[in-house]
Amino acid sequence: MHLDLATTSMLAGMALNETPALNTLTPEEARLVFTEINRSMPPGPEQVSSEDCQIPVEGGAIRGRILRPSMTAKSVMVYYHGGGWVIGNIDDYDAVGRHLAETCQAIVIMVDYRKAPEHPFPVPVNDCYAALNWVDTQRSKLRIHDLPLVVAGDSAGGNLAAVMSIKARDESGPEIALQALIYPVTDGRMGAESFTHEDKQLFLTTEIMAFFWDHYADSKTRLDPLASPALTASLADLPPAVVLTAEFDILVDEGRTFAEHLKASGVPVSYRDFAQQMHGFFAMPAALPAAGKAMAWLAQEMDRHLNPTERKDVVVVGAGFSGMYQLHKLREQGLNVQVFEAGSDVGGTWYWNRYPGARVDIESMAYSFSFSDELQQEWEWSEKYSPQPELLKYAQHIADRFDLKSDIAFDTRVASAHFDEDTNEWLVTTECGRRVRAQHLVMATGVLSASKTPDISGRDNYRGETYRTGLWPKEGVDFTGKRVAVIGTGSSAVQAIPLIAEEADDVVVYQRTATFTTPALNHALNKDDASVIKANYAEYRAKQRLNVLGVVDERSLERTMDVSAQERDRRFKAGWESGILPGMLFQFADLQVEQEANDAISEYIRDRIRDTVKDEQTAQDLLPTDYPYGTKRPCIDTNYYETFNRENVSLVNLRRTPIETITQKGIRTAEGEREFDAIVYATGFDAMTGPLLRVDIRGRGGVKLTDAWNDGPRSYLGIAIHGFPNLFTITGPSSPSVLSNMLVSIEQHVDWVSDCIQWMKTEGKATIEPSDSAEQEWAEHTEQLANMTLYPKANSWYMGANVPGKPRMFLAYVGGVGTYRMICDQVAAAGYRGFQAA
Ligand code: N01
């Protein structure tokens, strides 16, 4: 006999403690001993939520316990604990249930069925069946909706789970998707050979098993198939089964034989015998590593049975503007597309970013789709810069108008995407266990969708309300009468602070880097102005497509220092008063490449800050001085600097007084602790690469994208990656993306990708991917262009500098939207130059 070390040591401990053999005790004493053994084990995962309930059964009610995992549940598992129908209860099994919930991502419902000898066969069977029916009929009340129903149990509980499957089949009961049988008792005759093996008499001995059977059912009734499922006439048409046994267990033969009979009857079966293990090991997950492995195996096999693989032409990840348009385009090409979206609705950025003041900072008439003239003519924007609710409505309108939702799975986050070189397909797996194979994978995951976990010490200590701008609660937040801290002063904070300040009693802004922002001059959109644009939309869109940023305004060709100081001032004033994002930067050609030119415009903005903010120290602290204007994303605002003149708003300059820690009640800096009712983190995103790298993407040879991009992202045109065939990134790293009007760049990428997929179909190509050399050349080109600008001088998210450990490199293509479009078109026209298609 060779048990593993942990199990050997557990048995030795029990021997030293002189744990009595259960068959020498009364049932009450045996229950107490069993409870003692379980109490000595560590509790299960705390993050599992627990709620007890009453389950009606014949003649009364029994206890149930609902254990919900911390992540999205993939199934609901009705669990029948072991203990020979005589001992054990749901408290003894609490840790087991919690581990199962987390490992199997299942809502586990533990059933405290009544025990023998007080309640012999068939009472436990009837209780378990009543519980199963109760779960199935209370789906919406229990919030388990359409999750597949699994019955599971160990030892005598495995017996009950097997019996439930038979009973449900024979009585047309609840539809059971899977039975999980852990070293089940299946045959009351106790005649299997393993009962005769001396080395299998561990934890559960032949005498103890006889003690259990004798209390449960007399020698005749135990032959009833609902007591001994192995004696059932037919095992056909039973749910798929996962059966697990332990090598040194007297029940090993019963479990294996039952699995073989199920299989022979046409039932899909996963069977595994766990070597070096004894009976009961599965129920000791905190003490025995083998139990963890067994649970992981169970979870894997459950997934395999519950989620057969689907087939599509294309999987698109994300249902923001890019994912929606990509779906529409590919559908028009007659392709079968599945979109996965983590949110509960379409909209992407505009679904998640619901913080006060969230609105677009490119004029809405320009920040809108052009692919459908009907759409652009019929949609009416209410403001120059639309607020988030209107942008979300626009996204919803597109989804309805083009009937997109039927191919989008919401509340579904993609966990992994692995390229299968044998079939030239991507195998995409969701966190809920759905599996789809598709020739093409389009990552339409956005560039600013991975909200950065704030890297501030003590964050978890805080007991007040906590919000992140990028993950704002759907129901909104009422700050009335509250003391609020806002950490961060990027675009999100610049929009949120003025509105939070109007509502809250007291607002303290914690600023690490001062921001450059200019007035947005937002206003209601004049219908006549909109009509003029609509009448000339074709021309307007054509301009956008060739413009450097994807807007219609043009950059001056003049150099800053070539004009007089008065002329410079006049132009900067015009920029300040333009009310558009590139208004300042377009005044001269060299503002983002010449330090002297940039110094001039930066000083002009600093003067406006000094003019606006009354308190001298606050004004001084708000002056951005350590990076050139435009090298961190500039903002446009409504009353940002003015807000610091309010009585209820103050600024903490973290460069002078850094945050020492977040405390239970607030924030402590060198100047002491301030207490808050709420902390708002406006601390940004793991931009560009974050949304891609948080999915486990693996290309040829199983190479992980995280490894391929260890030194920074590499991608040809920001669309495709060497070693990752048929994978397309919409507005990916090293494309203009964040340096442009995103809607223009999204349309261009989606059109290009759709054309490429169509070309592959026409040419009969199974795969396409860029060559290493084309990717290298593009990387050098994009780096060279970025180095000609002032961008690398800033510690910005454009450079990956906001995420500790992220490689420092410029993440976008600075050559302009129009130039980039032409390059992409030329690549396609030359038979996808730089790509290898096979
Ligand atoms: O994020 P950000 P954002 N301690 O990264 C600070 C787009 N967007 O959500 O600069 C203290 O810009 C950080 O300080 P520093 C737009 O492209 C568009 O505001 O790293 N502070 C910075 O001040 C934008 O650029 C719109 O020193 C910490 C702030 O948090 C992008 O999204 C609206 C900190 C983060 O600013 C991201 O904007 C909103 C720490 N540990 C967003 N960590 C519009 O369309 C970070 N910070 C208008």
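Each value, and the rule that gives it
Residues numbered from 1 in each chain as written. Predicted model: local features only at pLDDT ≥ 70, side-chain atom pairs only at ≥ 80, totals over all residues. Heavy atoms only, no water. UniProt positions renumbered as here; feature names shortened; annotations may be inferred. Core = buried A, V, L, I, M, F, W, Y, C linked by side-chain atoms within 4.5 Å. Buried < 20%, exposed > 50% of the residue type's maximum accessible area, 1.4 Å probe, protein only. Helix = DSSP H or I, 4+ residues; strand = E, 2+ residues; numbered from the N terminus. Contact = heavy atoms within 4.5 Å. Phe/Tyr/Trp six-rings, centres within 6.5 Å; stacked < 30°, edge-to-face > 60°. Lys NZ or Arg CZ within 6 Å of the ring centre and 35° of its normal. Pairing = 2+ DSSP bridges. Axes fitted to C-alpha atoms, helices over the stretch in contact; angles between N-to-C directions.

An unreviewed UniProt entry annotates the chain as Potassium transporter originating from Candidatus Paraluminiphilus aquimaris. You can read under Cofactor (unreviewed entry) in the UniProt record for the chain the words "FAD". In its Sequence similarities (unreviewed entry) section, UniProt records this for the chain: "Belongs to the FAD-binding monooxygenase family."

Engineer: So what exactly am I meant to see when it comes to the nonpolar core here?
Structural biologist: Soluble globular proteins tend to pack their nonpolar side chains together in the buried interior. Counting residues in hydrophobic clusters, the biggest one holds 114 residues, and the most contacted among them are Met-77, Tyr-79, Tyr-80 and Met-209. With 9 residues, helix 8 (residues 289–306) is the single largest residue contributor to this core. Excluding residues within four positions of it along the chain, Tyr-80 makes contact with Val-111, Tyr-113, Cys-128, Leu-132, Val-151, Ala-152, Gly-153, Asp-154, Gly-157, Leu-160, Ala-161 and Met-164. One finds Leu-327, Ala-687, Met-742 and Val-753 within the second-largest nonpolar core, a separate group that totals 81 residues.

Engineer: For this particular structure, what's the right way to read the packing of aromatic side chains?
Structural biologist: Aromatic ring pairs: the centre-centre distance and the angle between the two ring planes describe each pair. In the structure shown here, the tally under the stated rule is 47 aromatic pairs. On the numbers, 5.7 Å between centres and 70° between planes, the contact of Trp-379 with Trp-381 is edge-to-face. Across the pair, exposure class does not vary: Trp-379 and Trp-381 are buried alike. Centroid distance Phe-516 to Tyr-629: 5.1 Å. Interplanar angle 70°. Geometry classified as edge-to-face. Remark: Tyr-629 occurs in the loop between helix 18 (616–622) and strand 19 (635–637) and Phe-516 occurs in the loop between strand 17 (506–511) and strand 18 (517–519); sequence separation between them is 113 residues. What makes Tyr-629 buried here is its relative accessible area of 1%. Taken together, the aromatic side chains of Phe-321, Tyr-325, Trp-350, Tyr-367, Phe-369, Phe-371, Trp-379, Trp-381, Tyr-394 and Phe-402 make up a single cluster linked through ring pairs. Of note, Arg-272 hangs over the ring of Phe-274, and the distance from its end group to the ring centre comes to 4.2 Å. For Arg-608, the ring lying beneath its charged end belongs to Tyr-604, and the centroid distance is 4.5 Å.

Engineer: Please clarify how the sheet that holds strand 23 (residues 672–675) should be interpreted in this entry.
Structural biologist: Two strands in a sheet stick together by hydrogen bonds in their backbones, pointing the same way (parallel) or opposite ways (antiparallel). Ordered by their spatial adjacency, 3 strands build an open sheet running 21-22-23, and the pairing between neighbours is antiparallel. What marks the edges here is a single partner per strand, and that holds for strand 21 (659–662) and strand 23. Geometrically, the sheet is characterised by an average inter-axis angle of 20° between neighbouring strands, direction not taken into account. Of the pairings in the sheet, the one linking strand 22 (residues 666–669) to strand 23 comprises 4 bridges and is antiparallel in character. Following the sheet pairing, Arg-668 is matched in strand 23 by Glu-673.

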